[in-house]
Amino acid sequence: MTIETREASGQDTRSHFKETTYLEAIREAMWEEMKTDPAVFIMGEDVGAYGGAFKVTEGFLDEFGSSRVIDTPISEAAIVGAAIGVAHMGFKPIVEMQFIDFIAPAFDMIVNFAAKVRYRTGVGASLVIRGPCGGGAHSGPFHSQNVESYFANVAGLKMVAPATARDAKGLLRAAIRDPDPVLYFEHKFLYRRVKEMLPTDEEILVPLGVARTHRTGSDLTIVTYGAMVHKAADAAERIAEEDGAQIEILDLRTLRPLDSEAIIQSVRRTGRVLIVHEAPRFGGFAGEITAQLCEEAFEFLDAPIRRVTALDTPIPYSPPLEDYYLPQTDDIVKASRWLLAY
Amino acid sequence: MASLTREELRDLYRYLLLTRGLEERLERLFKQGQIVGGLYRSLGQEATAVASAFVLDDGDWLSPSIRDMGALLVRGLHPREVLLQYMAREGSLCGGKDNTTHFTIPELGLLGPISPLGTQLCVLNGVALAFRLRGEPRVCMTYQGDGASRTGASHEGLNFAAVQRLPVIVILEHNRWAFATRSEREAAVEDWVDVAAAYGVPAASVDGNDVLAVYDAAREAVERARRGEGMTLIVAETYRMIGHAQHDPQHYVPKEELLEWRGRDPLARFQSYLLESGFESRAALAVVKEGVRRLLDTAVDDALAALMPEPEEALAGTFAGDAAAVPWTRRTHVYPDLAHSAMPS
Ligand SMILES: Cc1ncc(C[n+]2csc(CCOP(=O)(O)OP(=O)(O)O)c2C)c(N)n1
Ligand SMILES: [Mg+2]
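It should be emphasised that the depicted structure is a prediction, and the values quoted were computed from it without experimental measurement.

Bringing the packing of helix H1 (residues 6-31) of chain B against helix H10 (residues 282-305) of chain B into the picture now. All names here are of chain B. Running from N to C, H1 and H10 point in directions that differ by 40 degrees, and their axes come no closer than 9 Å. Considered as vectors, H1 and H10 are oriented oblique to each other. Of the two possible hands of crossing, H1 and H10 adopt the one that is right-handed. Mapping the contact onto sequence places Arg 10, Tyr 13, Arg 14, Leu 17, Leu 18, Gly 21, Leu 22, Arg 25 and Leu 29 in H1 and Ala 284, Leu 285, Val 288, Lys 289, Val 292, Arg 293, Leu 295, Leu 296, Asp 297, Val 300 and Leu 304 in H10. Taken together, the residues that form the contact of H1 with H10 break down as 13 nonpolar, 1 polar and 6 charged.

If you want it as structure tokens, here you go:
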């Protein structure tokens, strides 16, 4: 998929633009922040000499040296613990989880230490924990998860899940600068598939907590984030072509703090809403968003709220099973049509 | 020194060959796009898994890590089952739901690991606890990489087994690398056997590429555990002779080091030993090789003929007894008929 961003369309300013993948956008955000702020550094498994399992930090060791690009033992709890402590001392660590699934051993450090430390003591921890999430690569139950819901009920954590290269860059920059812990979920399926023309002479900074309208429409709102933005966009195009209906797609970008206002405003306009996420349904973000809409937009709804999500099972490995597990464009089309017809 | 019969020595040789041969087939299939997901090999480390698992009896349990294919074969897994599993086919050991060595097969005494490293030891401790609760002289054996041994789960598991004096044998595979990180950057110990001191347990350091040395160390540890004298940590000194997985060309590994360790190849060494000590003739070994080749040929053909699972199989099995899915696992919600409005076609 190739995303044309506003900057790239029409203008003859190509010299100031560079084709940038989602992965490169993540690299650039870290690179540029490390260049300008000596407090920023990276810790994780195989991030140095190897450049990270997905090569996100390739070249960082040569540029910034081993004191700022630290290869650690396989000890996620110790890595996050150290990140909290070093953050107390004024540094801004970026921790890489080799796969976001391996955030699990650090759960205690994140939910009990990092998330609560400012509230309890007044001393904060400015840190980013980032890593590849998501399915579609047939990698089985431990290299494909979307973990946002595991953390959704914990106050004190911010969470980001970009869908575009521009947002990947701008949100990571904002996350690094943020004074509190931010979990940054980068979808591995998008790493090299998303390519955009991004400006090279402008600082891209996307504030946390602000959703983005990916596509405008008046007939139905799809609220989504991460890789599902692209499947929703495919579905919307198909429906525009085949049914003539216009779907609005709201890309949340930040999950916590959630841009409730943007969701409510869009749904009040369209009167119909479909919530799509790649994480399982039960206890997922769609549930919270549904509740907020019931509280704030009930009278504006012309149809029930619907969800398209993954199954409430672990993520299976075999391709036919995984394809069945994951929400697909066809599912979004089917649910959208039902809502539009209601 | 190992007191193994000629048949046992031949079996060990056969398992080494089978392990290497099976992984070579897997690699070929991987290059043909038949393997789903990543492929990790145990090249150069086969002796550690084969010779240690060889000590176990029926009824003992074992939990492999990613480079212990040999142990699985020794426990009785058929190469065809391994191939089906790695090809994510219908009827494979995890039914297509999980990959690599992640299957649990009670009849073979196999406890499947999960990817998060260090965790399986903690669970295997529970199997060992069951043996002790029932007063059975059975033992558990597991493997962990030098990298995996640095996780919190591993530390807790080792300590738990030590304090509870569980019949567990932990084989720490010091293969010098954890993905692209040198083992020196995983632990500050100079001699990895020293980690055992922290847990107060007996330990042994062994040449992991020497079949008989591994066998002897494992045997002593298994006997100790069976006598009710608790766990042993065995450090197998070995080397990962290939990248972490197929996608890793291991550019970061010094050539000289690989060359040096190539000279210690466990299969070549054991073959020379068998020939030089007069246990086997070249002709006899050729017969073994031919048997392994034929077995693998058939296994590959069988596996390639298997189908992929049906998509709906994803729904079943999250809880006991739900062969049919529980309602909330439905992929997309049932859409009530819209009697009052026509569905667009
Ligand atoms: C808790 C956890 N963190 C990270 C990973 C990712 N990972 C998979 S294998 C590996 C290296 C393992 O090294 P080692 O334990 O020495 O085993 P070897 O590959 O050398 O056999 C890493 C970091 C993981 N599986 N689990
Ligand atoms: Mg290792």
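Attention shifts here to the interface of chain A and chain B. Between chain A and chain B, the contact holds 43 residues from the first and 53 residues from the second. In terms of surface lost to chain B, no three residues of chain A exceed A:Ile74, A:Tyr317 and A:Tyr324, which account for 19% of the buried area on that side. There are 0 salt bridges connecting chain A and chain B. Viewed at the interface, chain B and chain A are joined by 13 residue pairs in polar contact (both at pLDDT 80 or more). Listed by contribution, the elements that provide at least two residues to the side of chain A that touches chain B are strand S14 (306-310), helix H10 (319-325) and helix H11 (329-341) of chain A. Looking at the side of chain A that touches chain B, the element that brings in the most residues is H11(A), giving 6 residues. Class assignment for the residues of the side of chain A that touches chain B results in 22 nonpolar, 11 polar and 10 charged.

Residue and element names in this part refer to chain B. Taken together, the protein ligands of the magnesium ion (ligand 2) are Asp 146 (OD), Asn 175 (OD1) and Trp 177 (O), with distances of 2.0 to 2.1 Å. All donor residues of the magnesium ion (ligand 2) come from one chain, and their arrangement in sequence is D-x28-N-x1-W. Here Asp 146 is found in the loop between strand S2 (140-145) and helix H6 (152-163), whereas its partner Trp 177 is found in strand S4 (residues 177-178), with 31 residues between them in sequence. The same class applies to Asp 146 and to Trp 177, which are both buried.

What follows is about the site of ligand 1. Residues in close proximity to ligand 1 total 19 residues, the closest being A:Glu76, B:Arg67, B:Asp146, B:Ala148 and B:Asn175. The local environment of ligand 1 is shared, drawing residues from chains A and B. B:Trp177 places a polar main-chain atom, nitrogen or oxygen, 2.7 Å from an oxygen atom of ligand 1. A breakdown of the residues in the shell around ligand 1 according to their chemical character gives 9 nonpolar, 6 polar and 4 charged.

Here we take up a negative patch on the surface. Residue and element names in this part refer to chain A. Negative charge collects at one region of the surface, where Glu 261, Glu 288, Glu 295 and Glu 296 lie side by side. No other element matches the 3 residues that helix H9 (residues 285-296) contributes to the negative patch. Positionally, Glu 261 belongs in helix H8 (residues 260-270).

Here we come to the sheet that holds S2(B). Residue and element names in this part refer to chain B. Spatial ordering of the open sheet is given by S1-S2-S3-S7-S6, a layout of 5 strands whose pairing is parallel. Each edge of the open sheet carries a strand with a single partner, namely strand S1 (61-63) and strand S6 (203-207). The average undirected angle you get between the axes of adjacent strands in this sheet is 20 degrees. Across 3 bridges, S1 lies against S2 in parallel orientation. Bridged to Leu 62 within S2 is Met 141. Strands in contact with helix H5 (residues 119-133) are S1, S2 and strand S3 (168-174); relative to S2, the strand with the most contacts, it is inclined by about 170 degrees.

Before going further, it helps to examine the domain arrangement of chain A. Many analyses report the size of an interface as the accessible area lost when the parts associate. Residue and element names in this part refer to chain A. Domain annotation of chain A identifies domain 1 (2-199) and domain 2 (212-341). At the interface, 30 residues of domain 1 touch 23 residues of domain 2. For the pairing of domain 1 and domain 2, the buried interface totals around 2100 Å² over both sides, and the portion due to carbon and sulfur atoms is 58%. Here domain 1 is connected to domain 2 by 2 salt bridges. When the shortest N-O distance is used, the salt bridge between Asp 167 and Arg 212 registers 3.1 Å. Taken together, the links from domain 1 to domain 2 amount to 14 residue pairs in polar contact (both at pLDDT 80 or more). Of all the secondary structure elements, the ones that give two or more residues to the side of domain 1 that touches domain 2 are helix H5 (148-152), strand S6 (158-160) and helix H6 (165-177). A breakdown of the residues in the side of domain 1 that touches domain 2 according to their chemical character gives 15 nonpolar, 12 polar and 3 charged.

About the thresholds
- Residues numbered from 1 in each chain as written.
- Chains lettered and ligands numbered in written order.
- Predicted model: local features only at pLDDT ≥ 70, side-chain atom pairs only at ≥ 80, totals over all residues.
- Heavy atoms only, no water.
- Axes fitted to C-alpha atoms, helices over the stretch in contact; angles between N-to-C directions.
- Helix = DSSP H or I, 4+ residues; strand = E, 2+ residues; numbered from the N terminus.
- Parallel < 35°, antiparallel > 145°, perpendicular 65-115°, else oblique.
- Left-handed = near helix turned anticlockwise from the far one by under 90°.
- Contact = heavy atoms within 4.5 Å.
- Nonpolar A, V, L, I, M, F, W, Y, C, P; charged D, E, K, R; others polar.
- Buried area = accessible area lost by both parts, 1.4 Å probe.
- Salt bridge = Lys/Arg side-chain N within 4 Å of Asp/Glu carboxyl O.
- Polar contact = N/O pair within 3.5 Å; in protein donor to acceptor, adjacent residues only side chain to side chain.
- Donors = N, O, S within 2.8 Å, 3.2 Å for Na, K, Ca; no water.
- Buried < 20%, exposed > 50% of the residue type's maximum accessible area, 1.4 Å probe, protein only.
- Near = heavy atom within 4 Å.
- Patch = residues over 30% accessible without salt bridge, like charges linked within 9 Å, V, L, I, M, F, W, Y side chains within 5 Å.
- Areas by Shrake-Rupley, 256 points an atom, 1.4 Å probe, with all protein chains shown as cover.
- Lys, Arg positive; Asp, Glu negative; His and termini not counted.
- Charge placed at Lys NZ, Arg CZ, Asp CG, Glu CD.
- Pairing = 2+ DSSP bridges.
- Domains from an automatic or database assignment.

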